[in-house]
Amino acid sequence: MKVLLIGDGAREHSLAYSLGKSPKGYKVFALSTYINPGINEVVKNTNGEYFIGDTSSVDRVKEVIKRVSPDIGVIGPEDPLFHGIANVFKEEGIPVFGPLKETAKIEESKAWARQLMWKYSIPGRLKYRTFYTIEEAAEFILNYGGSIAIKPAGQVGGRGVKVVADLEAYLSQDKRDALSRSVSGIGNLYKKEGEPKIIIEEKVDGPEYTLHVISDGYSTLPLPLTQDYKNAYQDGIGPETGGMGSISGPDHLLPFITEDEYVSTYEIIKKTINAIYEETKKNYVGIIAGQMMLTELWGPTVIEFYSRFGDPEASAIIPRVDSDFGEIIELTATGHLSKAKIKVKEESSVVRAVAPLGYPISKQMASNHKIMLDLNKIKEVGCIVFFGSVALEGMQLITKGSRALELVCIGDFNTASEKLDKCINYIHSDTKLIYRHDIGKNITEHIEKAEIVRYSYKNRIRNGTLGSSGIWSPNGGLW
Ligand code: GLY
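Attention in this report is confined to the structure presented alongside it. All values derive from a computational prediction rather than experimental measurement. (Residues numbered from 1 in each chain as written. Predicted model: local features only at pLDDT ≥ 70, side-chain atom pairs only at ≥ 80, totals over all residues. Heavy atoms only, no water.)

## Observations concerning the pairing of strand E7 (residues 148-152)
Part 1 of the reasoning: E7 sits mainly inside the fold: 5 of its 5 residues count as buried.
Part 2 of the reasoning: Of the two faces of E7, the one lined by Ile148, Ile150 and Pro152 and the one lined by Ala149 and Lys151 are each fully buried.
Part 3 of the reasoning: As judged from the 5 bridges shared by E7 and strand E9 (residues 198-202), these two strands associate in the antiparallel manner. From the neighbouring strand, Ile150 faces E9, where its bridge partner is Ile200. (Buried < 20%, exposed > 50% of the residue type's maximum accessible area, 1.4 Å probe, protein only. Helix = DSSP H or I, 4+ residues; strand = E, 2+ residues; numbered from the N terminus. Pairing = 2+ DSSP bridges.)

## Some details on the environment of Thr220
Part 1 of the reasoning: Locating Thr220 in the fold gives a position in strand E11 (residues 220-222).
Part 2 of the reasoning: Judged by its relative accessible area of 24%, Thr220 is partly exposed.
Part 3 of the reasoning: For the pair Thr220 and Gly286, spaced 66 residues apart in sequence, the C-alpha to C-alpha distance is 9.7 Å.
Part 4 of the reasoning: Here the side chain of Thr220 touches Tyr266 through a polar contact of 2.7 Å, side chain to side chain. (Polar contact = N/O pair within 3.5 Å; in protein donor to acceptor, adjacent residues only side chain to side chain.)

## Observations concerning the nonpolar core
Part 1 of the reasoning: Ile106, Ile288, Leu405, Leu407 and Ile427 are the most contacted members of the largest nonpolar core, which totals 62 residues.
Part 2 of the reasoning: Looking at this core, the element that brings in the most residues is helix H10 (residues 259-280), giving 7 residues.
Part 3 of the reasoning: The residues contacting Ile427, other than those within four sequence positions of it, are Val354, Ile371, Met372, Leu373, Ile378, Leu405, Leu407 and Leu433.
Part 4 of the reasoning: The next biggest cluster of nonpolar side chains, apart from the first, holds 31 residues, and it includes Val42, Ile214, Leu221 and Ala340. (Core = buried A, V, L, I, M, F, W, Y, C linked by side-chain atoms within 4.5 Å. Contact = heavy atoms within 4.5 Å.)

## Brief notes about the pattern of salt bridges
Part 1 of the reasoning: Taken as a whole and assessed by the stated rule, the structure comprises 20 salt bridges.
Part 2 of the reasoning: In this structure, Arg308 engages Glu78 in a salt bridge whose closest nitrogen and oxygen atoms are separated by 3.3 Å. Of this pair, Arg308 sits in the loop between strand E17 (299-306) and helix H11 (313-317) while Glu78 is found in helix H4 (residues 78-82), placing the two residues 230 residues apart along the sequence.
Part 3 of the reasoning: The exposure class of Glu78 is buried, given its relative accessible area of 15%. (Salt bridge = Lys/Arg side-chain N within 4 Å of Asp/Glu carboxyl O.)

## Overview of the side chain of Ser14
Part 1 of the reasoning: Along the chain, Ser14 turns up in helix H1 (residues 10-20).
Part 2 of the reasoning: Separated by 2.7 Å, the side chain of Ser14 and the backbone oxygen of Arg11 make a polar contact.
Part 3 of the reasoning: With residues up to four places along the chain from it excluded, the contact list for Ser14 reads Ala314, Ile318 and Phe386.

## Considering the sheet that holds strand E1 (residues 2-6)
Part 1 of the reasoning: Read from one edge of the open sheet, 5 strands run E3-E2-E1-E4-E5, paired in parallel fashion. Whereas interior strands pair on both sides, the edge strands pair on one side only; in this sheet they are strand E3 (50-52) and strand E5 (96-97).
Part 2 of the reasoning: Of the pairings in the sheet, the one linking strand E2 (residues 27-32) to E3 comprises 3 bridges and is parallel in character. The residue of E3 that forms the bridge with Ala30 is Tyr50.

## Focus: the state of the cysteines
Part 1 of the reasoning: The tally for this structure, following the rule as stated, stands at 0 disulfides.
Part 2 of the reasoning: Considering cysteine sulfurs only, Cys423 is the nearest to Cys383, which forms no disulfide, with 3.4 Å between them.
Part 3 of the reasoning: By relative accessible area, which is 3% here, Cys383 ends up buried.
Part 4 of the reasoning: The exposure class assigned to Cys423 is buried, which follows from its relative accessible area of 0%. (Disulfide = S-S within 2.5 Å.)

In structure tokens:
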């Protein structure tokens, strides 16, 4: 069976890896913007073919489909989904793992997602307001007296969130000007014609986690929880990135999330899939993920949704799957997910990304550097590597401006972290590399934070005040 994989990062390498090792013997073909060495290896080993081009271009994807005649399509990143690449496969009559453009809107438009949650009374929803102009948003912020999160109203690769926790600090003219400038920066990140630019939400706090659920439109399959580490540098400082690492486990939980919280989160996602169907009359096929926070307001609370695997979250989950994940992809695309069985290693996993200095601020600074790594030594230590934003050019690995590698280790958090600490010694570059040694090590902090918010939201359950902050309503803030 021929599978055409769209995308070029570490997440797509992990998808290719699961397809390549499936006993079903899939032939893997790929379309990427550059030759990812990991995907290339799978393509070669399965007698597929590698194509280069714009993964969001309908015309390019149609050309490749014509050349390959795939039996299944697999779409990794969000951008091709937003550009209707799953629709292209569907129109050609090819089953596809990845949601249609209409349903991927759950990620593309934060405003649409919030509206849906309110319309269908989905738990874990935050109050919000949307703005078409930067001026209106700035005016609202200056007049409103509570803590808020200001975000681009659509997906911009995890960038752009600004939390304003102390509005009093903005009362001086200088600070007002600074605020307007920073809102303007956020407002300019998302520019879709006819859509709001900025969304402002009530601010919540607590440990974050992600639940990925596979859906074929008829049944669903939840995957183990993960936690993403967003900030570029050690101890959670520095700019927000797509994720500098992730953890998962043990088993299907995280040490700071209970079974009940897992079940409630799964309920939120299932309700969301149903609501998407009600709104669009289209089945949701592929992955939907709730990027969650455990808050005193709701317990499990939705920060945003993904319409695909998180990256680097995929790298924390896929290597833990002992059953045939390639087959699960096929069963999902063909509408037979109810037949899928999934067995996941009980041990935890830790993922750490390696990125060239410059990421995520300057793509130019982070591009065109050589990366050298000793794969055998990394394997001897017991870790695996997924190749991300790094191209095979001749015999050299050249950085493409984002996270170049993801190192994965399965085992308890301490052991996995120690092994990963060793692995970084086997990776070199002609530029400085960013790598967070703390990922997998600060679990107690999350446990303590979760205990505090758990105490508070359980109190709200007893008082009948779960989810009610009484500050503003979604369409008309009180300020
Ligand atoms: N790790 C966050 C994302 O994939 O957007």
